[in-house]
Amino acid sequence: MTTNSRGTPILMKMGKQIKKSDVTTDRDQWARKTEFLMCAISGAVGTGNIWRFPYLCYKNGGGAFLVPYLVFLVLVGLPMYIMEIGLGQYMQKAGFEVWNICPIFKGLGVAAMVITFILNIYYVMVLIWSAFYFVMSLRSELPWSTCDNEWNTPVCVTEVTTNSTINNTIDSTVEFWRYRTLQMSDGMDSPGGMVKELVICSLFVWILVYLCVCRGIRITGKIMYVTSLFPYVILTILLIRGVTLDGAKEGIKFYFEPNFIHLKNYQVWIDAGTQILFSLGLTFGAMPMVGSYNKVHNNFYRDCFFITAINSLTSLYGGFAVFSILGFMAKNQGLPISAVADAGYVVGIESLITPLVDLFPSRLRTTKGKLLVYGVYSVVSYLLGFVFLTKGGIYVFNLVDYYGASGMLLVWQLMWEAIAIGWIVGADYFYNAMEYMLGYKIGPWLKISWRYLTPTLCLALLVLQGLNFNLLSGAEGYVYPDGAHVFGIILGLVPIFILVSMAVVQILRTPGSFIQRLKLTTTPGAHPHAHATQMTDEFTHKFNEHQGQLI
């Protein structure tokens, strides 16, 4: 290292001067608090809230579904959301690095990255299909509105009615989806080649995703203003249009009319629990990542109440828009609403890449490093996604959706997160860490949830689902091959295997007797964010207090 005329250090490499901006290893932080809020809120406008929540309401007793939903939100969802955001902020890390607080549970971070990686590859298909529909909608006549296209069958009709359903006719919109968009083959063992239009749309989507994330969180934070707020504009337009349609009143009534007899069904409670996890984005590693870019003393506790309130209200708001339109469709087609109803992605990318950047800061926090790592990720994901772009891809899509990123995997992850913080690290330890970050003490409600309520309720859901587990069955009687089920089950067991195997690895690589190894792998390591706080006397004193309570 040399200096210039002012004595400022100049980094040199192979005789070349390197710009400071290219080599900084300082970790990015949100430029302003609103970026953090927008990023967290962006998860509230995904399909989990806009469509899945209203669908579960109608399926599980209308307004009665709000009872188990609110129970899980208050007892499990909000406490664990606070814990994940707070853990990321405290550690100033993401992914498996955040579990330096309890090394034996680093597998939770790795498993979350695997789940998110799988989820990102197959969930991007929703964006690909949307891009395809957008392009096709630019025609003067919507191609799914007629039966005069080359892909239509003799049983195609433009309006489904009760009588036409009896005669086994197929609506033109359904045929466009099956025979034009997907070009469905007879099964997953007959892939039938690539759907070229979807391959092109996939390339466009992944290029767009890369441009959104390649410069890191500083640019992503700005993009979140659009991705968070613009969907609310569209949703409001749909709602205004929907409530003016004939039949909207019946649709909204169907949406919220309570039928409390459904609460006796265990599946209602399982749906409510898993909906909270999907809706809040818990266990994917996204929330610790979002929190890790906060300043250490940010009041995340207050923010979490605001974010979860926005999240739940968005679910309700989206339901009005969806069911007002379903009510119109049902009346127009002469069908019951139930028959019609039957018919946050950038954050996920960041939560996967951020841990890798944290692991190799000197190389990957540079401008070139970010461009490279996000580029490699986008190319690999694009190529792996080809399996969903074949004519049999929809069968693989449903298989991965059912086994590879199921709600029960998230419940499993959440249960061990609560055990790790509530019992192994210790709720009192983390409460002290929260007091340091917030500057004030909070009540015992979170401790009770982390130690007792969340593990117990998660275990109950796992047992209920396990006792009533069924293999995936395809639409219209399609039977998946036995090998597909085996692959799906193995895919679902991968995160569980990762958690167990990494715990064993952590114990084996730690020196000392077995008891000493257990103690070292369950004790928080050295202060994780010295680079953020410069190891002030204030934190050094507080950290020593934490360590003293463990001994």
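Residues numbered from 1 in each chain as written. Predicted model: local features only at pLDDT ≥ 70, side-chain atom pairs only at ≥ 80, totals over all residues. Heavy atoms only, no water.

For the chain, the count of helices and strands is 24 helices and six strands. Put simply, the chain has 551 residues, and 51% of those count as buried. Only carbon and sulfur atoms are counted for the fraction: they give 66% of the accessible area of the chain, which is about 25,600 Å². (Helix = DSSP H or I, 4+ residues; strand = E, 2+ residues; numbered from the N terminus. Buried < 20%, exposed > 50% of the residue type's maximum accessible area, 1.4 Å probe, protein only. Areas by Shrake-Rupley, 256 points an atom, 1.4 Å probe, with all protein chains shown as cover.)

Quick look at the pattern of salt bridges now. Under the criterion given, the structure shown has seven salt bridges. Among the ionic pairs, Arg 32 bridges to Glu 35, the shortest N-O distance being 3.5 Å. Taking relative accessible area as the criterion, Arg 32 reaches 44% and is therefore assigned partly exposed. Each of Asp 428, Lys 447 and Arg 451 takes part in salt bridges that share partners, so that together they form one network. (Salt bridge = Lys/Arg side-chain N within 4 Å of Asp/Glu carboxyl O.)

Below, the discussion takes up the nonpolar core. Of all hydrophobic cores here, the largest spans 127 residues; its most connected members are Trp 99, Ile 101, Phe 430, Met 434 and Trp 450. For this core, the element with the highest residue contribution is helix H19 (residues 407–438), accounting for 21 residues. Here Ile 101 is in contact with Leu 87, Tyr 90, Met 91, Ile 421, Val 425, Tyr 429, Phe 430, Thr 523 and Pro 524, once residues within four sequence places are set aside. Membership of the second largest hydrophobic core comes to five residues, among which are Cys 212, Val 213, Cys 214 and Val 373. (Core = buried A, V, L, I, M, F, W, Y, C linked by side-chain atoms within 4.5 Å. Contact = heavy atoms within 4.5 Å.)

Tracing the backbone shows Asn 332 in helix H13 (residues 300–333). Assessed through its relative accessible area of 45%, Asn 332 is described here as partly exposed. Through-space distance from the C-alpha of Asn 332 to that of Asp 246 is 8.3 Å; in sequence the pair is 86 residues apart.

Our focus in this paragraph is a nonpolar patch on the surface. There is a patch of nonpolar side chains on the surface, built from Val 226, Phe 230, Val 233, Ile 234, Ile 237 and Leu 238 and spanning about 540 Å² of accessible area. A relative accessible area of 44% means that Val 233 is categorised as partly exposed. (Patch = residues over 30% accessible without salt bridge, like charges linked within 9 Å, V, L, I, M, F, W, Y side chains within 5 Å.)

Taken as a whole and judged by the stated rule, the model has 33 aromatic pairs. Ring centres of Phe 305 and Trp 445 lie 6.1 Å apart, and the angle between their planes is 45°; this geometry places the pair in the tilted category. The class for Trp 445 is partly exposed, based on a relative accessible area of 27%. Counting every residue linked through ring pairs, the aromatic cluster contains Tyr 122, Trp 129, Trp 177, Phe 388 and Phe 397. In this structure, Lys 447 packs its charged tip against the face of Tyr 431, placed 4.7 Å from the ring centre. Between Arg 451 and the ring centre of Trp 423, over which it is positioned, the NZ or CZ distance is 5.8 Å. (Phe/Tyr/Trp six-rings, centres within 6.5 Å; stacked < 30°, edge-to-face > 60°. Lys NZ or Arg CZ within 6 Å of the ring centre and 35° of its normal.)

Next up on the list: the packing of helix H21 (residues 482–508) against helix H22 (residues 514–521). Packing of H21 against H22 brings their axes to within 9 Å, and their N-to-C directions diverge by 115°. You can see that H21 and H22 cross each other, and the crossing is right-handed. Across from Gln 506, Ile 507 and Leu 508 in H21, the residues of H22 making contact are Phe 514, Arg 517, Leu 518 and Thr 521. Residue classes in the contact of H21 with H22 are distributed as four nonpolar, two polar and one charged. (Axes fitted to C-alpha atoms, helices over the stretch in contact; angles between N-to-C directions. Left-handed = near helix turned anticlockwise from the far one by under 90°. Nonpolar A, V, L, I, M, F, W, Y, C, P; charged D, E, K, R; others polar.)

This part covers the state of the cysteines. Note on terminology: disulfide describes a covalent bond linking the sulfur atoms of two cysteines. Scanning all chains against the criterion turns up one disulfide. With its sulfur 2.0 Å from that of its partner, Cys 147 forms a disulfide with Cys 156. Negative torsions about the S-S bond denote left-handed disulfides, and the value of about -75° found for Cys 147 with Cys 156 makes this one left-handed. For Cys 147, a relative accessible area of 23% puts it in the partly exposed group. (Disulfide = S-S within 2.5 Å.)

Right, let's get into unusual backbone geometry. One non-glycine residue, Gln 92, lies in positive phi territory at about 55°. Even without being glycine, Thr 283 reaches a positive phi, approximately 75°. Note that Thr 283 resides in the loop between helix H11 (266–280) and helix H12 (286–292). Here Thr 283 falls in the buried class, since its relative accessible area comes to 1%.

This next bit is on H21. When the terminal C-alpha atoms of H21 are compared, their 37 Å separation across 27 residues agrees well with the 39 Å that a helix rising 1.5 Å per residue should span. For H21, the full list of buried residues reads Ala 484, His 485, Gly 488, Leu 491, Gly 492, Pro 495, Ile 498, Leu 499, Ala 503, Gln 506 and Ile 507. Residues of H21 that are buried sit in contact with helix H5 (106–136), helix H18 (393–404), H19 and H22. (Expected span 1.5 Å × (residues − 1).)

Here we come to the packing of helix H4 (residues 66–91) against H19. Between H4 and H19, the least distance of the axes is 10 Å, while the angle of their chain directions is 65°. Note on packing geometry: the crossing formed by H4 with H19 is left-handed. Across the interface between the two elements, Val 76, Met 80, Ile 82, Met 83, Glu 84, Gly 86, Leu 87, Gln 89 and Tyr 90 from H4 touch Leu 414, Glu 417, Ala 418, Ile 421, Tyr 429, Phe 430, Ala 433, Met 434 and Met 437 from H19. Looking at the contact of H4 with H19 residue by residue, the class counts come to 14 nonpolar, two polar and two charged.

To continue, consider the confidence of the model for the chain. For the chain, the mean per-residue pLDDT works out to 82, and 81% of the residues sit at or above 70. The low-confidence segment residues 161–166, where pLDDT is below 50, has nine contacts with residues more than four positions distant or belonging to other chains. This model gives residues 526–540 a pLDDT under 50, and the stretch forms 25 contacts once residues within four places in sequence are excluded. (pLDDT = per-residue confidence, 0-100.)

What follows deals with the environment of Cys 102. For Cys 102, the location among the structural elements is in the loop between H4 and H5. Judged by relative accessible area, which is 0%, Cys 102 ranks as buried. Beyond its immediate sequence surroundings of up to four residues, Cys 102 is in contact with Ile 424, Val 425, Thr 521 and Thr 522.

Let us look at the side chain of Thr 308. Mapped onto the elements of the fold, Thr 308 is located in helix H13. Polar contacts involving the side chain of Thr 308 include one to the main-chain carbonyl oxygen of Cys 304, which spans 2.8 Å. What Thr 308 contacts, discounting residues up to four positions off in sequence, is Leu 78, Tyr 81 and Leu 280. (Polar contact = N/O pair within 3.5 Å; in protein donor to acceptor, adjacent residues only side chain to side chain.)

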